[in-house]
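Secondary and tertiary structure notes
Chain residues, written in single-letter form:
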Amino acid sequence: MTGRNTYRNAVNNVMLSLSGVCAVLTVSTLFVILSYLVYNGFSSLNLDFFTQLPKPTGQVGGGMANAILGSAQVVLIASIIGLPIGFFAGIYLAEFGGKTFSMLVRYTADLLNGVPSIVIGIFAWGVLVVPMHHFSALAGGMALSLMLIPITARSTEQFLIEIPRSMREGALALGATKWRTIATVIVPAARRGIMTGMILGIARISGETAPLLFTALNNEFWSSGLSSPAATLPVMIFTHAVAPYDDWHRQAWAAGLVLLTMVLVANILARTVISRGASLPK
Amino acid sequence: MSPEMARGSSTKTAYGPETTMNPTTTQGAQATGAASPKIRAANVNFYYGSFQALHEVSMEFQENKVTALIGPSGCGKSTFLRNLNRINETLRDTRLEGEITLDGQNIMDFDITEVRRRVGMVFQRPNPFPKSIFDNIIYGPKINGMLKGTSAAEMVEKSLRRAALWDEAKDKLHESAYALSGGQQQRLCIARALAVNPEVLLLDEPCSALDPIATAKIEDLLVTLKGQCTIVIVTHNMQQAARVADTTGFFLMGRLIEHDKTNVIFKNPARRETEDYITGRFG
């Protein structure tokens, strides 16, 4: 009897430790990545990095100002296209959809969410870049918007569904139309959650590389407009990392650090927004 | 105690004249005088999917009277109430048969927003919008285009006064409605409903989430509203029905068993089922 208990306690302790170790591993991954980036890239982070163009190959120094601006442009284009479409699709799913069609849309959105970004990239290349005859920031933004739409739609839907039914009935019972109810009561009530979902979506797409490789391509100089190729941080990391120059490698690390910091800040911002959200009585 | 409250708590006026007891009253029969009813339901059947929740309910509601609907859980009283302003139409897969008229006109012939403007509703749990007290009140008038030529502030004050909430809320009109207690929130919801000047006010167990003191305040309020609009209240609490209602309808398993003067229902019901329920033999 005692032997059996010892054995059971041993199994218990082993499993407990094992899951604890795995939990620590999960958490520490982020910190390992972060410190690795800081270790390798921090020395290249200076004012030049944010204000200068890349130097021609072989010269030391320069920066990634064009890539930072390019990333901002591409993400902005993606947001302008993707957020409204995703938002209204989310409203449709939560408020209007019939059973069958809603399920179809929801399922399709989830599938689209799971499409590998390289496939999105090659698709955008085929339907945008080839007909337009050149790579462009616009095509890059549109490719990213394809990823942003399903993310926004599903998160918007999720937060709208959480608004209690009684709130909708309260507005309808005062003579509001369905749309009025949604626009003046339901969406404002879910506002923080919806915004959080959007911020997380933007953070998610801003790090994507594959769709941009096929669309915005890259540019060692300032982009001459939305219809020209543009440098972006993820693609810049890729090209600098595979080049045979130590200085470029350091710059790639620095770019990675900047990108990760932006994404982390967006995430923390989103969490703050949601935690400050007024909790609704259920 | 206000004069209205005093009047309300006198048995005679609160329960209606004692002399009109009608021994022939049966299912669906008319309970009160000959005046044409504000709302009339005729042979109403209602289905949730294939489940029939209401069976041939016929009932009339007299103008400016308070009618209570009582009965055990799941008897259909809330379902019936929710048909009177067509709010059940927001549920999927439901079907209504029969006819409900407002001032003699079928409510299905109205624009749905007009029915709901004229027939207000207060729900089981307070459901203020996540806005300020002021914005909660002004919401209905705003969406119904009733603010033209009227001062919003005046309208808010009037509505809050009618709901006996003005003194408690006047100093925090621009604070969140959630800053109010549960009972105050429910009175805010009543004020919000009153702000669009409804002719009928439906209340679906408005006190079930409230403590006895908050409940008493709502009951007092209903008594003061008597005479200003037609009130239909669903309640689980029979004492509440006895205190506020002119007439009472008893529902059982989706049917209206009996509708009569409140004192008749409680003291001398015509039907055995009603008596069993009143005396606590079931339900």
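Residues numbered from 1 in each chain as written. Chains lettered and ligands numbered in written order. Predicted model: local features only at pLDDT ≥ 70, side-chain atom pairs only at ≥ 80, totals over all residues.

1. Examining the overall build of chain B
Scanning chain B from N- to C-terminus turns up twelve helices and ten strands. Burial status across chain B gives 49% buried among its 283 residues. For chain B, restricting intrachain contacts to residue pairs at least 6 apart in sequence, the fraction spanning at least 24 positions comes to 71%. (Helix = DSSP H or I, 4+ residues; strand = E, 2+ residues; numbered from the N terminus. Buried ≥ 20, exposed ≤ 12 C-beta atoms within 10 Å, placed from the backbone. Contact = placed C-beta atoms within 7 Å.)

2. As for the domain arrangement of chain B
All names here are of chain B. Domain boundaries assigned for chain B yield domain 1 (1–8 + 36–103 + 200–207 + 221–283) and domain 2 (128–198). Taking only C-alpha atoms into account, the centre of domain 1 sits 26 Å from that of domain 2. Among the residues making up the side of domain 1 that touches domain 2, the classes are represented as five nonpolar, no polar and no charged. (Domains from an automatic or database assignment. Nonpolar A, V, L, I, M, F, W, Y, C, P; charged D, E, K, R; others polar.)

3. Some remarks on the sheet that holds strand 2 (residues 51–61) of chain B
All names here are of chain B. Taken together, the four strands give an open sheet; going across it, the order is 2-1-4-5, and neighbouring strands pair in antiparallel fashion. Both outer strands of the open sheet, strand 2 and strand 5 (105–106), are each paired with one neighbouring strand and no more. Across eight bridges, the pairing between strand 1 (residues 39–48) and strand 4 (residues 94–102) is antiparallel. Residue pairing across strands places I39 opposite L102, the latter belonging to strand 4. (Pairing = 2+ DSSP bridges.)

4. Structural notes on the interface of chain B and chain A
Of the residues lining the interface, 19 residues belong to chain B; the matching set on chain A comes to 16 residues. Of all elements in the fold, only helix 4 (112–118), strand 6 (119–122) and helix 5 (133–143) of chain B reach the threshold of two or more residues within the side of chain B that touches chain A. Grouping the amino acids of the side of chain B that touches chain A by side-chain chemistry returns nine nonpolar, seven polar and three charged.

5. Examining the confidence of the model for chain A
Overall, the predicted model of chain A reaches an average pLDDT of 89, with 96% of residues at or above 70. A low-confidence stretch, residues 278–282 of chain A stays under pLDDT 50, and its non-local contacts, those more than four residues away or across chains, total seven contacts. (pLDDT = per-residue confidence, 0-100.)

6. Concerning the domain arrangement of chain A
All names here are of chain A. For chain A, the domain assignment lists domain 1 (2–40) and domain 2 (49–275). Using C-alpha coordinates to define each centre, domain 1 is positioned 34 Å away from domain 2. Every contact between the two is made by four residues of domain 1 and, on the other side, five residues of domain 2. Per-class residue counts for the side of domain 1 that touches domain 2 are three nonpolar, one polar and no charged.

7. Remarks on the nonpolar core
Within the largest apolar cluster, 148 residues are counted, with the highest numbers of intra-cluster contacts made by A:A255 and B:I233. In contact with A:A255, not counting residues within four places along its chain, are A:M64, A:A67, A:L233, A:M236, A:I237 and A:H240. (Core = buried A, V, L, I, M, F, W, Y, C linked by C-beta atoms within 7 Å.)

8. A few points about the packing of helix 4 (residues 99–114) of chain A against helix 6 (residues 137–161) of chain A
All names here are of chain A. Orientation of helix 4 relative to helix 6, taken along the N-to-C sense of each, is 135 degrees, at an axis distance of 8 Å. Put simply, helix 4 runs oblique to helix 6. Between helix 4 and helix 6 lies a crossing whose hand is left-handed. Contacts between helix 4 and helix 6 involve A109, L112 and N113 on the former and, on the latter, P150, I151, A153 and R154. Class assignment for the residues of the contact of helix 4 with helix 6 results in five nonpolar, one polar and one charged. (Axes fitted to C-alpha atoms, helices over the stretch in contact; angles between N-to-C directions. Parallel < 35°, antiparallel > 145°, perpendicular 65-115°, else oblique. Left-handed = near helix turned anticlockwise from the far one by under 90°.)

9. Comments concerning the environment of A:P116
Looking at the secondary structure, you find A:P116 in the loop between helix 4 and helix 5 (117–132). In this structure, the C-alpha to C-alpha distance between A:P116 and A:P211, residues 95 residues apart in sequence, is 9.6 Å.

10. Some details on the sheet that holds strand 3 (residues 66–70) of chain B
Residues and elements named next belong to chain B. Read from one edge of the open sheet, six strands run 6-7-8-3-9-10, paired in mixed fashion. If you trace the sheet from one side to the other, it starts and ends with strand 6 and strand 10 (255–261), each paired once. Averaged over all pairs of adjacent strands, the angle between strand axes in this sheet comes to 15 degrees, irrespective of strand direction. When strand 6 meets strand 7 (residues 200–204), the two strands line up parallel, connected through four bridges. Bridge assignment links M121 to a residue of strand 7, and that residue is L202. Across the sheet, helix 3 (residues 77–84) lies against strand 3, strand 6, strand 7, strand 8 (230–234) and strand 9 (247–252), angled at about 150 degrees from strand 8, the strand it touches most.

11. Focus: the pairing of strand 1 of chain B
All names here are of chain B. Relative to strand 2, strand 1 is paired through seven bridges, and the arrangement is antiparallel. Within the sheet, the bridge partner assigned to I39 lies in strand 2 and is F61. Between strand 1 and strand 2, which pair antiparallel and follow one another directly, the connecting turn spans two residues, one of which, G49, has a positive phi of 60 degrees.

12. Details of the confidence of the model for chain B
Residue and element names in this part refer to chain B. Mean pLDDT over chain B works out to 86, with 87% of the residues at or above the 70 mark. Mean pLDDT per element in chain B: helix 2 (residues 11–15) is the minimum at 35, and strand 8 is the maximum at 96. Contacts from residues 1–33, a stretch scored under 50 in pLDDT, to residues over four places away or in other chains number 46 contacts. Among the prediction metrics, the complex's ipTM stands at 0.83, with pTM recorded as 0.81.

13. Quick notes on the packing of helix 3 (residues 65–96) of chain A against helix 9 (residues 191–206) of chain A
Residues and elements named next belong to chain A. Relative orientation of the contacting elements helix 3 and helix 9 amounts to 135 degrees, with a least axis distance of 10 Å. Considering their axes alone, helix 3 and helix 9 lie oblique with respect to each other. Like other packed secondary-structure pairs, helix 3 and helix 9 cross with a definite hand, here right-handed. Residues S71, V75, A78, S79 and L83 of helix 3 form the contact with helix 9, whose participating residues are M198, I202, I205 and S206. Residues of the contact of helix 3 with helix 9, tallied by class, amount to six nonpolar, three polar and no charged.

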